[in-house]
Amino acid sequence: KKIAEYEKQNPEFKAFAKELYTYFAEERKMMVESGLITKEQAKHMEEMYPHYIPLHREADELLGPVQTNNLGVNTPIKSATGGNRPLQPMFDTIAQHTLQTFKAVARNDFGVELKNTIQTTARADATDADEIFDSIENQNRLLGEGSDGSGYTFSVYENGQKVTFNITE
């Protein structure tokens, strides 16, 4: 009843919501085109959460910006967590989410181009959606030491599948 009342008082909410759903669908489309996720994963996300809009909470003034285990812009795909801090303004959240999406896509595009340019041995690993999202979130870990301790590896996503290849220092 309360929602119906709000919608009656603010008929523009429905049109604005539709614009937001379309905007975030386009971001998912970008992630599919770059190979970060598959069409099936994007469709699954849309079916599970058709009205999902990412919202971030305000940072604690004493602690500074809310951080995960790495610095800078993180992944555009995360699991929802609760909290009691005030929400950031919606447009701030949308801007941050857009930056996260573009960074993830650009980093993956760079890595795929690097892999194709150096024509190195690549290993594809079977992964599930949660592992993909966690790996994207921790992109700084996509550069790692080789399994034998010499050289380095770099991981990218092609059609939603994690691909790791060797690179030199």
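Our structure is the block above this text.
Quick caveat: nothing in here was measured; it's all calculated off a predicted structure.

J.: What is the right way to look at the side chain of Thr-101 in this model?
T.: Mapped onto the secondary structure, Thr-101 falls in helix 4 (residues 90–118). For Thr-101, a relative accessible area of 0% corresponds to the buried category. At a separation of 3.1 Å, a polar atom in the side chain of Thr-101 contacts the side chain of Glu-27.

J.: Looking at this model, I keep getting lost on helix 4. Mind explaining?
T.: Note on helix geometry: an α-helix contains 3.6 residues per turn, so any two residues three or four positions apart are oriented the same way. Between the first and last C-alpha of helix 4 there are 42 Å, a value that for 29 residues agrees with the 42 Å anticipated at 1.5 Å per step. Where helix 4 is concerned, the buried positions are Thr-93, Ile-94, His-97, Thr-98, Gln-100, Thr-101, Ala-104, Val-105, Asn-108, Gly-111, Val-112 and Lys-115. A positive phi of about 45° marks Gln-119, the residue just after helix 4.

J.: I'm lost on the packing of helix 2 (residues 12–34) against helix 4 in this one. Help?
T.: Between two packed helices, what matters for the description is the angle formed by their axes and the separation of those axes. Two elements in contact, helix 2 and helix 4, have axes whose closest approach is 9 Å; the angle formed by their N-to-C orientations is 15°. Taken together, the axes of helix 2 and helix 4 are roughly parallel relative to one another. You can see that helix 2 and helix 4 cross each other, and the crossing is left-handed. Residues Phe-16, Leu-20, Tyr-23, Phe-24, Glu-27, Met-30, Met-31 and Ser-34 of helix 2 form the contact with helix 4, whose own contacting residues are Met-90, Phe-91, Ile-94, His-97, Thr-98, Thr-101, Phe-102, Val-105, Asn-108 and Asp-109. Grouping the amino acids of the contact of helix 2 with helix 4 by side-chain chemistry returns 11 nonpolar, 5 polar and 2 charged.

J.: Is there a simple way to explain the pattern of salt bridges in this structure?
T.: If the charged atoms of two oppositely charged side chains come close together, the side chains can form a pair. Applying the stated rule across the entire model yields 5 salt bridges. We note a salt bridge from Glu-7 to Lys-14, for which the minimum N-O separation is 3.8 Å. By relative accessible area, Lys-14 is classed as exposed at 55%. A salt bridge links Arg-28 to Glu-46; the shortest N-O distance between them is 3.6 Å.

Calculation notes
- Residues numbered from 1 in each chain as written.
- Predicted model: local features only at pLDDT ≥ 70, side-chain atom pairs only at ≥ 80, totals over all residues.
- Heavy atoms only, no water.
- Helix = DSSP H or I, 4+ residues; strand = E, 2+ residues; numbered from the N terminus.
- Buried < 20%, exposed > 50% of the residue type's maximum accessible area, 1.4 Å probe, protein only.
- Polar contact = N/O pair within 3.5 Å; in protein donor to acceptor, adjacent residues only side chain to side chain.
- Expected span 1.5 Å × (residues − 1).
- Axes fitted to C-alpha atoms, helices over the stretch in contact; angles between N-to-C directions.
- Parallel < 35°, antiparallel > 145°, perpendicular 65-115°, else oblique.
- Left-handed = near helix turned anticlockwise from the far one by under 90°.
- Contact = heavy atoms within 4.5 Å.
- Nonpolar A, V, L, I, M, F, W, Y, C, P; charged D, E, K, R; others polar.
- Salt bridge = Lys/Arg side-chain N within 4 Å of Asp/Glu carboxyl O.

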